[in-house]
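# Structural characterization, general
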Amino acid sequence: MRVGHNEVHAEQIHGTIVQAERIDRVVVGPVDPATYPPLIDWWRLPKITPGLADLLIAQREAVDTLPYRLLGVRRPELAKVYVQQRIREGGDRQLSVAEALNQGGHVVILGEPGAGKSTLGHMYVQRICDHWLGAEAASPPLDEPFLAVRVPARALAEDRSWSESIAAGVRDAVGRLLTSPPDPALFAHSAFGARWLVFIDGLDEIANRQVRGQVIHAITSQMRRSEHYRIVVTTRPLSEKEMEPFKEVGAESYTIQPFREQDLDEFAGAWFRAQDPLTAQTRAADFVRQVRDRKLRDLVRNPLLATIAAIAHTLEPHRELPRSVASLYQRFMDYLLTDEASGRRTRDELRRTLADKPDRLALAIWMDDHRVEIIERAAVGHVGIGGSALPAAVAWIAANRTERPPGWEQDLRALLSSSGVFARDDDDLSFSHQSFAEFLAARHLARDIGPDFSSMDVWIAKGLLEASQGYAVFAFVLWGAQGNDIAKVFHRLLDKDHDSVLLAGRLLAEDIPVARDLAAEVVQRLVHLLLISGLSGSREAEKIREVLIGIGAHRDLVLDRVVRIRDDIDLSTKSRIEAAVVAGALADREAAVRWLLDRIEEGEPDDHHRVVEGLIRLGARDLVEEPLMRLARGVGDGLHDCHRHRHRVGERRLRGRDACTSTGGDGAASRRPARAGRADRHTRWIGD
């Protein structure tokens, strides 16, 4: 055998060959990964087999991306554009993902569509793979030396063992980048002395609730009985009933927090440096100015929407950015699905590759003519039953074209892959983001809903579930955009309960043209809810507050009412604090910050807690030290003990909940009854 630079010459080569960046990190020969003693730290990692090196390299390269090449923008490296977001546990305490993972135990991370759940998993897997592969300047991302994999939750839906499911999930996620599929036995136990950190992504994307329950049971079973894994589930919010099994096994739940102002600045700088370093500073400043001067300021707190807005600004810097979630998605789909916008030359490519197959060429051109219809049909099927996007597309074509020559399904896959909407998994297709499928499915279904909207209550039921709320809002917006009377939806929602009123507020935030008096009624009902929630938990008040902040076209209505609440000294301080935060987010941030700081001199410890949250929401994190000290004095030494306990070094494998939570969280242990008569005063104010 002769060896040259990046070349091996021999008559025969036996065994696995993998290109390794650091050959000193790879051991060749028979090795049993299960026989290694537990690792103590990251600095004495053992050599790994070529098969594991192959897996790590594939995962490091399999970065979840939007179709940047098709869009005509430069793809930024994940490590350079990724912004470390904060997460929040059940109370109000915020921390980094690394802090949460270093506390030990299993974790469920919740987030709205586009909040960065999948990217979070990609980032940690990439960094862990870098360290095992000996990449230069790679620093340990966590205290414990893990091996890591990221798998789609749908891979656990099949009836097979845990290790087989993990291996199948890895093939789904990175199959084309692997030299050979991983052996399921590798995932049956710890390997090379390291536990597996398993990121399970997209649990909410399993549409069948019964199947989703079975997957939850499989996950929690491993959480309960196996010491070989640390499991991190990322999903949209699920129902309390579905979350209960995770609570029973002691898994901690956290919610990803939106971008802060400094996060958006960091993202914009990284994005535009990737496009053109010479113009990056000017372009980033212009982008940030535009989104902060408009209603987009709150939309771009969502990382996916910030990315779509950045793409739109990159492609058309002189065109005004969309003002709502639905219009952002519409702009993005126009870029992807319109040949003129994307620069796609699909028809020319079809004629070139199928020149000697006239029957297939004719069908392929027909499918290209109906590309948007086919993709929307695929979206409807995917959102309805989950899984692959192909069956619904194939069924629609079969129903509309009786002549289908052999090989046509291969052409269909190629055609759909070229759209940029899908990610290809071996011979299958899945939507590159669940919300893309929801927008396209809603757009298709909205065209079939008549003016009477007979299925309105079905869609409202979807809108009341957090996991499908965005889907329902898309449907309402797109139905109204066809000239239908959107007021019907608002009136039906306002006739229902508290959660339906919140849904009406989220719909109003889409800047739909509605009568002024109807908008005023929605705002008034939301303000009423804000007042009532001020007497109870801060989490509920925060939900209502964020809905009010998101209302753009009618912000004057919101501002008028919340300023009146803020300035009414007869109302509870809690309600006034929430109103002040809304006012600061909509108008004068500096005045709101000064007002909040003045509240430290009055009120109860829980009021100080809300002041802290309000300052953070308004981007004044640097001013929270004094309120935190007052909060600490208010709840006693238990808070300090809890803080020290949570941050102890070496508690990587701590199981269950913290013993100190009785004095932490949202300050429930320190609350005092509300002053007599305030509830009546709230009711009188609403009637004014």
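Notes on the structure follow. Along each chain, the written sequence defines residue order, and numbers are assigned to residues from 1. Per-residue local features of the predicted model are confined to residues with pLDDT of at least 70, and side-chain atom pairs are confined, for both listing and counting, to 80 or more; whole-chain, interface and lining totals are unaffected and use all residues. Think of the side-chain values as coming from all heavy atoms in the structure, minus any hydrogens and water.

Let's shift gears to the environment of Pro33. Mapped onto the elements of the fold, Pro33 is located in the loop between strand S2 (7–9) and helix H1 (50–61). Think of it in three bands: residues with accessible area under 20% of the maximum for their type are buried, residues over 50% are exposed, and the middle band is partly exposed, with areas taken using a 1.4 Å probe on protein chains only. For Pro33, a relative accessible area of 17% gives the class buried. Residues Pro33 and Leu186 lie 153 residues apart in sequence; the distance between their C-alpha atoms is 7.3 Å. Contacts between residues were defined by any pair of non-hydrogen atoms, one from each residue, lying within 4.5 Å. In contact with Pro33, not counting residues within four places along its chain, are Leu186, Ser190, Ala191, Phe192 and Gly193. For helices the rule is a DSSP run of H or I covering at least 4 residues; for strands it is a run of E covering at least 2, with both sets numbered from the N terminus onward.

Any pair of Phe, Tyr and Trp rings, taking the six-membered ring for Trp, is counted once the centres come within 6.5 Å. Such a pair is stacked with planes under 30 degrees apart, edge-to-face with planes over 60 apart, and tilted for the rest. A full pass over the atoms with the stated rule returns 17 aromatic pairs. Plain terms: the ring middles of Phe267 and Trp271 are 6.2 Å apart, the flat faces sit at 35° to each other, and that makes the pair tilted. One end of the pair, Phe267, and the other, Trp271, are both in helix H9 (residues 261–275), four residues apart, so they sit about a helical turn from each other. As far as burial versus exposure is concerned, Phe267 and Trp271 are alike and both buried. Centroid distance Tyr329 to Phe436: 6.1 Å. Interplanar angle 70°. Geometry classified as edge-to-face. Here Tyr329 is found in helix H13 (residues 325–337), whereas its partner Phe436 is found in helix H20 (residues 434–448), with 107 residues between them in sequence. Of the residues examined, Tyr329 reaches a relative accessible area of 3% and is grouped as buried. A network of ring pairs unites the aromatic residues Tyr329, Phe332, Phe436, Phe439 and Phe474 as a single cluster. Note on criteria: charge over ring means Lys NZ or Arg CZ within 6 Å of the ring centre, with the direction from the centre no more than 35 degrees off the ring normal. Sitting over the face of the ring of Trp459, Lys462 holds its NZ or CZ atom 5.6 Å from the ring centroid. It is Arg599 that lies over the ring of Trp595; its NZ or CZ is 4.1 Å from the centre.

With that out of the way, let us pick up the environment of Leu415. With respect to the helices, strands and loops of the structure, Leu415 is situated in helix H19 (residues 408–417). It is 8.0 Å that separates the C-alpha atoms of Leu415 and Arg371, two residues lying 44 residues apart in sequence.

Helix packing for two helices is described by the angle between their axes and how far apart those axes are. Relative orientation of the contacting elements helix H23 (residues 487–494) and helix H24 (residues 498–508) amounts to 155°, with a least axis distance of 8 Å. When the axis of H23 is compared with that of H24, the two are roughly antiparallel. Within the contact between the two elements, H23 uses Val489, Phe490, Leu493 and Leu494 and H24 uses Ser500, Val501, Leu503, Ala504, Leu507 and Leu508. Its residues assigned to classes, the contact of H23 with H24 comprises nine nonpolar, one polar and no charged. Axis angles are defined between N-to-C directions and span 0 to 180 degrees, where every axis is a line fitted to C-alpha atoms and, for a helix, only to the segment in contact. Angle categories are assigned with fixed cut-offs, so that under 35 degrees is roughly parallel, over 145 is roughly antiparallel, 65 to 115 is roughly perpendicular, and the rest are oblique. Residues were grouped as follows: Ala, Val, Leu, Ile, Met, Phe, Trp, Tyr, Cys and Pro as nonpolar; Asp, Glu, Lys and Arg as charged; and all remaining residues, including Gly, as polar.

Strands pair, by our definition, only if DSSP identifies at least two bridges between them. Pairing is mixed across the open sheet formed by seven strands, whose spatial order is S4-S3-S9-S5-S8-S7-S6. The open sheet has two edge strands with one neighbour each: strand S4 (94–96) and strand S6 (147–152). On average, each strand axis in the sheet is tilted by 30° relative to the strand beside it, whichever way the strands run. Across four bridges, the pairing between strand S5 (residues 107–110) and strand S9 (residues 252–256) is parallel. For Ile109, the partnering residue across the bridge sits in S9 and is Tyr254. Its contacts with the sheet place helix H6 (residues 162–174) against S6, strand S7 (196–201) and strand S8 (229–235), and it is angled at close to 75° to S6.

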